[in-house]
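As a plain string of letters, each chain reads:
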Amino acid sequence: MHIGMIGLGKMGGNLVRRLMRKGHSCVVFDAQASSTATLVSEGAQGARDLADLVGQLPAPRVVWMMLPAGEITEKTFLALKDLLQAGDILIDGGNANHKDDVRRAQALSPLGIQYMDVGTSGGVWGLERGYCLMVGGASSAFQTLEPVFRDLAPGQGDVPMSPGREGRPSTAHLGYLHTGPVGSGHFVKMVHNGIEYGLMQAFAEGFDILKGVGQDHIPEQRRYDLNLADITELWRRGSVVSSWLLDLSAIALARDPQLAAFSGHVQDSGEGRWTIEAAIEQATPAQVLTSALNARFRSRQSPSFADQTLSALRHQFGGHQEPGKS
(Lines give C-alpha, C1' and ligand atoms only; values in the text may rest on other atoms or scores of the structure.)
Protein backbone atom coordinates (compact mmCIF):
# COMPACT_ATOMS: atom_id res chain seq x y z
CA MET A 1 0.00 0.00 0.00
CA HIS A 2 1.12 3.58 -0.67
CA ILE A 3 1.19 5.84 2.38
CA GLY A 4 2.24 9.44 2.89
CA MET A 5 3.85 10.17 6.27
CA ILE A 6 4.15 13.72 7.59
CA GLY A 7 6.40 14.14 10.62
CA LEU A 8 9.52 11.99 10.82
CA GLY A 9 10.49 12.27 14.47
CA LYS A 10 11.18 9.34 16.80
CA MET A 11 7.75 7.81 16.15
CA GLY A 12 7.02 8.89 12.57
CA GLY A 13 10.39 7.84 11.24
CA ASN A 14 10.17 4.39 12.77
CA LEU A 15 6.59 3.92 11.55
CA VAL A 16 7.92 4.48 8.04
CA ARG A 17 10.77 2.03 8.59
CA ARG A 18 8.43 -0.67 9.88
CA LEU A 19 6.02 -0.13 7.00
CA MET A 20 8.80 -0.36 4.42
CA ARG A 21 10.07 -3.57 6.05
CA LYS A 22 6.61 -4.99 5.44
CA GLY A 23 6.62 -4.00 1.76
CA HIS A 24 4.62 -0.76 1.83
CA SER A 25 5.68 2.26 -0.24
CA CYS A 26 6.08 5.49 1.71
CA VAL A 27 6.24 9.11 0.57
CA VAL A 28 7.65 11.21 3.40
CA PHE A 29 7.90 14.85 4.44
CA ASP A 30 9.29 16.66 7.45
CA ALA A 31 9.94 20.35 8.06
CA GLN A 32 13.52 19.29 8.81
CA ALA A 33 14.90 18.41 5.37
CA SER A 34 17.60 16.26 6.96
CA SER A 35 14.93 13.97 8.45
CA THR A 36 13.37 13.51 5.03
CA ALA A 37 16.79 12.84 3.48
CA THR A 38 17.53 10.14 6.07
CA LEU A 39 14.38 8.20 5.20
CA VAL A 40 15.00 8.67 1.47
CA SER A 41 18.43 7.08 1.92
CA GLU A 42 16.62 4.09 3.46
CA GLY A 43 14.20 3.64 0.58
CA ALA A 44 11.35 6.10 1.03
CA GLN A 45 10.29 8.68 -1.55
CA GLY A 46 10.92 12.23 -0.39
CA ALA A 47 8.58 15.18 -0.83
CA ARG A 48 9.51 18.87 -0.95
CA ASP A 49 6.30 19.99 0.74
CA LEU A 50 2.75 18.86 1.47
CA ALA A 51 1.54 19.47 -2.09
CA ASP A 52 4.40 17.40 -3.47
CA LEU A 53 3.63 14.58 -1.03
CA VAL A 54 -0.04 14.50 -2.03
CA GLY A 55 0.90 14.69 -5.72
CA GLN A 56 3.17 11.65 -5.48
CA LEU A 57 0.50 9.41 -3.96
CA PRO A 58 -1.89 7.41 -6.15
CA ALA A 59 -5.60 8.02 -5.60
CA PRO A 60 -7.35 7.23 -3.35
CA ARG A 61 -4.62 8.61 -1.12
CA VAL A 62 -3.70 7.68 2.44
CA VAL A 63 -1.91 10.43 4.39
CA TRP A 64 -0.74 9.92 7.98
CA MET A 65 0.14 12.90 10.21
CA MET A 66 2.56 12.10 13.03
CA LEU A 67 3.00 15.50 14.61
CA PRO A 68 2.80 17.04 18.09
CA ALA A 69 -0.72 17.98 19.12
CA GLY A 70 -1.54 21.65 18.75
CA GLU A 71 -0.75 24.38 16.26
CA ILE A 72 1.51 22.42 13.91
CA THR A 73 -1.07 19.64 13.52
CA GLU A 74 -3.88 22.15 12.97
CA LYS A 75 -1.92 24.03 10.30
CA THR A 76 -1.04 20.79 8.55
CA PHE A 77 -4.65 19.61 8.71
CA LEU A 78 -5.94 22.84 7.15
CA ALA A 79 -3.38 22.64 4.34
CA LEU A 80 -4.24 19.00 3.61
CA LYS A 81 -7.95 19.79 3.67
CA ASP A 82 -7.37 21.88 0.54
CA LEU A 83 -5.06 19.35 -1.12
CA LEU A 84 -6.88 16.05 -0.63
CA GLN A 85 -9.86 14.86 -2.67
CA ALA A 86 -12.98 12.78 -2.22
CA GLY A 87 -12.13 9.17 -1.42
CA ASP A 88 -8.85 10.01 0.31
CA ILE A 89 -8.16 9.09 3.95
CA LEU A 90 -6.39 11.37 6.43
CA ILE A 91 -4.98 9.83 9.63
CA ASP A 92 -3.77 11.59 12.76
CA GLY A 93 -1.51 9.20 14.65
CA GLY A 94 -0.14 11.73 17.13
CA ASN A 95 -1.46 12.42 20.61
CA ALA A 96 -4.28 14.72 19.55
CA ASN A 97 -7.26 15.67 21.67
CA HIS A 98 -10.25 13.53 20.67
CA LYS A 99 -12.43 16.66 20.55
CA ASP A 100 -10.23 18.00 17.75
CA ASP A 101 -10.68 14.71 15.89
CA VAL A 102 -14.46 15.07 15.90
CA ARG A 103 -14.23 18.67 14.67
CA ARG A 104 -11.78 17.79 11.90
CA ALA A 105 -13.81 14.82 10.72
CA GLN A 106 -16.89 17.03 10.49
CA ALA A 107 -14.95 19.53 8.37
CA LEU A 108 -13.79 16.81 5.95
CA SER A 109 -17.06 14.92 5.66
CA PRO A 110 -18.74 17.28 3.13
CA LEU A 111 -15.63 16.93 0.94
CA GLY A 112 -15.86 13.13 0.89
CA ILE A 113 -12.55 12.77 2.73
CA GLN A 114 -12.45 10.20 5.53
CA TYR A 115 -10.66 10.97 8.79
CA MET A 116 -9.19 8.46 11.22
CA ASP A 117 -7.54 8.91 14.61
CA VAL A 118 -4.97 6.32 15.62
CA GLY A 119 -3.71 6.26 19.19
CA THR A 120 -0.18 4.91 18.82
CA SER A 121 1.74 3.40 21.72
CA GLY A 122 5.19 1.86 21.53
CA GLY A 123 7.60 4.76 21.74
CA VAL A 124 11.15 4.35 20.52
CA TRP A 125 10.86 0.56 20.88
CA GLY A 126 8.01 0.23 18.39
CA LEU A 127 10.18 -0.38 15.35
CA GLU A 128 11.21 -3.77 16.71
CA ARG A 129 8.36 -4.58 19.12
CA GLY A 130 5.52 -3.23 17.02
CA TYR A 131 2.96 -0.57 17.93
CA CYS A 132 -0.23 -0.90 19.93
CA LEU A 133 -2.85 0.86 17.78
CA MET A 134 -6.19 2.24 18.97
CA VAL A 135 -8.13 3.17 15.84
CA GLY A 136 -11.13 5.48 15.59
CA GLY A 137 -13.09 6.10 12.40
CA ALA A 138 -15.55 4.62 9.98
CA SER A 139 -15.59 0.82 9.66
CA SER A 140 -15.05 1.10 5.90
CA ALA A 141 -11.86 3.13 6.37
CA PHE A 142 -10.63 0.70 9.01
CA GLN A 143 -11.17 -2.24 6.68
CA THR A 144 -9.30 -0.46 3.88
CA LEU A 145 -6.31 0.20 6.10
CA GLU A 146 -6.34 -2.97 8.16
CA PRO A 147 -3.30 -4.41 6.32
CA VAL A 148 -1.35 -1.32 7.41
CA PHE A 149 -2.45 -1.60 11.03
CA ARG A 150 -1.72 -5.33 11.06
CA ASP A 151 1.83 -4.75 9.80
CA LEU A 152 2.53 -1.98 12.30
CA ALA A 153 1.15 -3.93 15.27
CA PRO A 154 3.15 -6.47 17.29
CA GLY A 155 0.95 -9.44 16.41
CA GLN A 156 0.05 -12.05 19.00
CA GLY A 157 3.65 -13.18 19.44
CA ASP A 158 4.17 -15.35 22.51
CA VAL A 159 1.48 -13.59 24.57
CA PRO A 160 -1.38 -16.08 25.00
CA MET A 161 -4.94 -14.92 24.51
CA SER A 162 -6.76 -14.22 27.78
CA PRO A 163 -8.91 -17.17 28.91
CA GLY A 164 -12.52 -16.69 27.88
CA ARG A 165 -11.75 -14.76 24.70
CA GLU A 166 -11.75 -17.80 22.40
CA GLY A 167 -13.90 -17.26 19.34
CA ARG A 168 -14.43 -13.54 19.81
CA PRO A 169 -14.38 -11.55 16.54
CA SER A 170 -11.66 -9.11 17.61
CA THR A 171 -8.17 -8.08 16.57
CA ALA A 172 -7.20 -6.96 20.09
CA HIS A 173 -4.92 -9.96 20.62
CA LEU A 174 -2.93 -8.88 17.56
CA GLY A 175 -2.17 -5.42 18.97
CA TYR A 176 -4.59 -3.26 16.99
CA LEU A 177 -8.28 -2.54 17.46
CA HIS A 178 -11.07 -0.56 15.84
CA THR A 179 -12.34 1.16 18.98
CA GLY A 180 -15.34 2.91 17.41
CA PRO A 181 -16.16 6.16 15.58
CA VAL A 182 -13.88 9.13 15.06
CA GLY A 183 -12.33 10.33 18.31
CA SER A 184 -12.59 7.02 20.13
CA GLY A 185 -9.04 5.94 19.25
CA HIS A 186 -7.46 9.03 20.74
CA PHE A 187 -9.84 8.91 23.71
CA VAL A 188 -8.70 5.36 24.54
CA LYS A 189 -5.04 6.40 24.05
CA MET A 190 -5.62 9.44 26.27
CA VAL A 191 -6.85 7.27 29.14
CA HIS A 192 -4.03 4.80 28.44
CA ASN A 193 -1.56 7.63 29.00
CA GLY A 194 -3.38 8.77 32.12
CA ILE A 195 -3.03 5.25 33.53
CA GLU A 196 0.62 5.31 32.48
CA TYR A 197 1.10 8.43 34.64
CA GLY A 198 -0.33 6.59 37.64
CA LEU A 199 1.75 3.44 37.12
CA MET A 200 4.93 5.44 36.68
CA GLN A 201 4.21 7.49 39.79
CA ALA A 202 3.66 4.33 41.85
CA PHE A 203 7.02 2.90 40.78
CA ALA A 204 8.73 6.26 41.31
CA GLU A 205 7.39 6.70 44.85
CA GLY A 206 8.21 3.11 45.74
CA PHE A 207 11.80 3.49 44.55
CA ASP A 208 12.09 6.75 46.48
CA ILE A 209 11.02 4.95 49.68
CA LEU A 210 13.51 2.14 49.02
CA LYS A 211 16.27 4.71 48.55
CA GLY A 212 15.16 6.79 51.53
CA VAL A 213 15.48 3.96 54.06
CA GLY A 214 19.23 4.45 53.94
CA GLN A 215 19.10 8.02 55.27
CA ASP A 216 20.95 8.94 58.46
CA HIS A 217 17.84 9.88 60.45
CA ILE A 218 16.44 6.35 60.12
CA PRO A 219 17.35 4.30 63.24
CA GLU A 220 20.52 2.35 62.49
CA GLN A 221 18.98 -1.06 63.11
CA ARG A 222 16.30 -0.26 60.46
CA ARG A 223 18.60 1.53 58.06
CA TYR A 224 19.20 -0.45 54.85
CA ASP A 225 21.56 0.24 51.97
CA LEU A 226 19.39 -1.28 49.25
CA ASN A 227 20.54 -1.91 45.68
CA LEU A 228 17.67 -0.60 43.56
CA ALA A 229 19.12 -1.96 40.33
CA ASP A 230 19.16 -5.46 41.81
CA ILE A 231 15.70 -5.11 43.33
CA THR A 232 14.11 -4.01 40.06
CA GLU A 233 15.86 -6.88 38.27
CA LEU A 234 14.55 -9.25 40.95
CA TRP A 235 10.97 -8.00 40.62
CA ARG A 236 11.03 -8.71 36.88
CA ARG A 237 10.90 -12.43 37.68
CA GLY A 238 7.71 -13.85 39.16
CA SER A 239 6.60 -10.62 40.84
CA VAL A 240 3.02 -9.31 40.73
CA VAL A 241 4.36 -5.88 39.71
CA SER A 242 6.38 -7.17 36.75
CA SER A 243 5.68 -5.09 33.63
CA TRP A 244 7.36 -3.32 30.72
CA LEU A 245 7.65 -0.16 32.84
CA LEU A 246 9.49 -2.21 35.46
CA ASP A 247 11.73 -3.59 32.71
CA LEU A 248 12.57 -0.03 31.66
CA SER A 249 13.16 0.95 35.29
CA ALA A 250 15.65 -1.90 35.62
CA ILE A 251 17.47 -0.77 32.48
CA ALA A 252 17.67 2.85 33.69
CA LEU A 253 18.93 1.88 37.16
CA ALA A 254 21.46 -0.62 35.80
CA ARG A 255 22.96 2.11 33.64
CA ASP A 256 22.83 4.86 36.26
CA PRO A 257 21.95 3.68 39.81
CA GLN A 258 21.65 7.26 41.13
CA LEU A 259 19.86 8.52 37.97
CA ALA A 260 22.35 11.37 38.11
CA ALA A 261 21.74 12.20 34.45
CA PHE A 262 18.22 13.37 35.30
CA SER A 263 17.26 16.48 37.24
CA GLY A 264 13.76 15.23 37.96
CA HIS A 265 11.95 18.00 36.05
CA VAL A 266 9.06 15.93 34.67
CA GLN A 267 7.12 17.16 31.67
CA ASP A 268 3.56 16.22 30.77
CA SER A 269 2.49 16.00 27.15
CA GLY A 270 -1.20 16.80 27.62
CA GLU A 271 -2.99 13.46 27.73
CA GLY A 272 -2.87 13.30 31.53
CA ARG A 273 -4.60 16.67 31.77
CA TRP A 274 -7.22 15.67 29.22
CA THR A 275 -7.89 12.43 31.08
CA ILE A 276 -8.64 14.39 34.26
CA GLU A 277 -10.84 16.79 32.30
CA ALA A 278 -12.80 13.81 30.96
CA ALA A 279 -13.15 12.42 34.49
CA ILE A 280 -14.47 15.76 35.72
CA GLU A 281 -16.97 15.93 32.84
CA GLN A 282 -18.23 12.44 33.74
CA ALA A 283 -18.05 13.03 37.51
CA THR A 284 -15.84 9.94 37.64
CA PRO A 285 -13.39 9.90 40.60
CA ALA A 286 -9.76 9.67 39.48
CA GLN A 287 -7.70 10.24 42.61
CA VAL A 288 -4.59 8.31 41.56
CA LEU A 289 -4.39 9.81 38.08
CA THR A 290 -5.00 13.34 39.38
CA SER A 291 -2.33 12.91 42.05
CA ALA A 292 0.14 11.60 39.47
CA LEU A 293 -0.43 14.64 37.26
CA ASN A 294 -0.04 17.02 40.22
CA ALA A 295 3.20 15.25 41.15
CA ARG A 296 4.60 16.21 37.76
CA PHE A 297 3.67 19.83 38.35
CA ARG A 298 5.37 19.71 41.76
CA SER A 299 8.51 18.18 40.26
CA ARG A 300 9.18 21.46 38.47
CA GLN A 301 9.53 23.20 41.83
CA SER A 302 11.40 20.69 44.03
CA PRO A 303 12.50 17.50 42.23
CA SER A 304 13.09 14.26 44.17
CA PHE A 305 14.55 10.85 43.33
CA ALA A 306 11.00 9.81 42.45
CA ASP A 307 10.95 12.59 39.87
CA GLN A 308 14.33 11.52 38.52
CA THR A 309 12.80 8.05 38.12
CA LEU A 310 9.89 9.49 36.14
CA SER A 311 12.28 11.41 33.88
CA ALA A 312 14.37 8.28 33.38
CA LEU A 313 11.29 6.23 32.47
CA ARG A 314 10.05 8.85 29.99
CA HIS A 315 13.47 8.79 28.38
CA GLN A 316 13.48 4.98 28.24
CA PHE A 317 10.12 4.44 26.55
CA GLY A 318 9.76 7.61 24.52
CA GLY A 319 13.19 9.15 24.18
CA HIS A 320 11.86 12.25 25.96
CA GLN A 321 14.49 14.75 27.07
CA GLU A 322 14.27 17.01 30.09
CA PRO A 323 14.07 20.76 29.32
CA GLY A 324 17.42 22.16 28.29
CA LYS A 325 18.87 18.75 27.40
CA SER A 326 19.36 17.19 23.99
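Scroll up for the structure.
About the thresholds
Residues numbered from 1 in each chain as written. Predicted model: local features only at pLDDT ≥ 70, side-chain atom pairs only at ≥ 80, totals over all residues. Heavy atoms only, no water. Helix = DSSP H or I, 4+ residues; strand = E, 2+ residues; numbered from the N terminus. Rg over C-alpha atoms; globule rule 2.2 N^0.38 Å. Buried < 20%, exposed > 50% of the residue type's maximum accessible area, 1.4 Å probe, protein only. Contact = heavy atoms within 4.5 Å. Areas by Shrake-Rupley, 256 points an atom, 1.4 Å probe, with all protein chains shown as cover. Lys, Arg positive; Asp, Glu negative; His and termini not counted. Charge placed at Lys NZ, Arg CZ, Asp CG, Glu CD. Phe/Tyr/Trp six-rings, centres within 6.5 Å; stacked < 30°, edge-to-face > 60°. Lys NZ or Arg CZ within 6 Å of the ring centre and 35° of its normal. Salt bridge = Lys/Arg side-chain N within 4 Å of Asp/Glu carboxyl O. Pairing = 2+ DSSP bridges. Axes fitted to C-alpha atoms, helices over the stretch in contact; angles between N-to-C directions. Expected span 1.5 Å × (residues − 1). Parallel < 35°, antiparallel > 145°, perpendicular 65-115°, else oblique. Arc of directions from axis to C-beta.

(A) Structural view of the overall build of the protein. Looking only at helices and strands, the protein features 13 helices and eight strands. Relative to its length of 326 residues, the protein is compact, with a C-alpha radius of gyration of 21 Å against a globular reference of 20 Å. Taken over the C-alpha atoms alone, the protein extends approximately 75 × 45 × 40 Å along its principal axes. When burial is assessed residue by residue, the protein has 48% of its 326 residues classed as buried. Taking the intrachain contacts of the protein between residues at least 6 apart in sequence as the baseline, contacts between residues at least 24 apart amount to 67%. With an accessible surface of roughly 15800 Å², the protein has 54% of that area assigned to carbon and sulfur atoms. A gap of 1 Å separates the mean positions of the 29 positive and 33 negative side-chain charges of the protein.

(B) Broad picture of the packing of aromatic side chains. Applying the stated criterion across every chain yields a total of seven aromatic pairs. Judged by centre distance (5.8 Å) and plane angle (20°), the rings of F142 and F149 are stacked. Here the two residues F142 and F149 agree in accessibility, since each one is buried. An aromatic cluster is defined as three or more aromatic residues linked by ring pairs; in this entry it consists of W64, F142, F149 and Y176. Directly above the ring of Y197 sits R296, whose terminal nitrogen or CZ lies 3.6 Å from the centroid.

(C) Molecular detail of the pattern of salt bridges. Summed over all chains, the structure comprises 16 salt bridges. Measuring nitrogen to oxygen at the nearest pair gives 3.0 Å for the salt bridge that ties K75 to E71. With K75 and E71 both in helix α4 (residues 71–83) and four residues apart, this pair spans about one turn of that helix. We note that K75, like E71, is exposed. Linked by salt bridges that have partners in common, E74, D92, D100, R103 and R104 make up one network.

(D) Structural view of the sheet that holds strand β5 (residues 89–92). If you trace the eight strands from one edge of the open sheet to the other, you get β3-β2-β1-β4-β5-β6-β7-β8, paired in mixed fashion. The open sheet is flanked by β3 (45–46) and β8 (176–180), the only strands paired with a single partner. Examined bridge by bridge, strand β6 (residues 114–121) and strand β7 (residues 132–136) share five bridges and lie antiparallel to one another. Note that in β7 the partner of G119 across the bridge is M134. In the packing of helix α1 (residues 10–21) onto the sheet, contacts are made with β1 (2–6), β2 (25–29), β4 (62–65) and β6, and the angle to β1 comes to roughly 165°. Each of β5, β6, β7 and β8 is contacted by helix α8 (residues 184–212), which is oriented at about 20° to β6, the strand it contacts most.

(E) Molecular detail of α1. Here α1 spans 17 Å end to end across 12 residues, near enough to the 16 Å set by a 1.5 Å rise per residue. Against the buried residues of α1 lie β1, β2, α2 (33–41), β4, α6 (126–129) and α7 (139–152). Positive phi appears at G23, one or two residues downstream of α1, with a value of about 95°.

(F) Representation of the packing of α8 against helix α12 (residues 287–299). Interhelical geometry of α8 versus α12 gives an angle of 70° and a closest axis separation of 8 Å. When the axis of α8 is compared with that of α12, the two are roughly perpendicular. Side by side, α8 and α12 meet where G194, I195, Y197, G198, M200 and Q201 of the first sit next to V288, L289, A292, L293, A295 and R296 of the second.

(G) How the structure looks around helix α9 (residues 228–235). Taken together, the buried positions of α9 are L228, A229, I231 and T232. Burial along α9 is one-sided: seen end-on, the buried residues are contained in an arc of 165°. Turned more than 90 degrees off the buried face of α9, the exposed positions are D230 and L234. On its buried face, α9 sits against α8, α10 (244–255) and α13 (305–318).

Function cannot be inferred from these measures alone, as they are strictly geometric.
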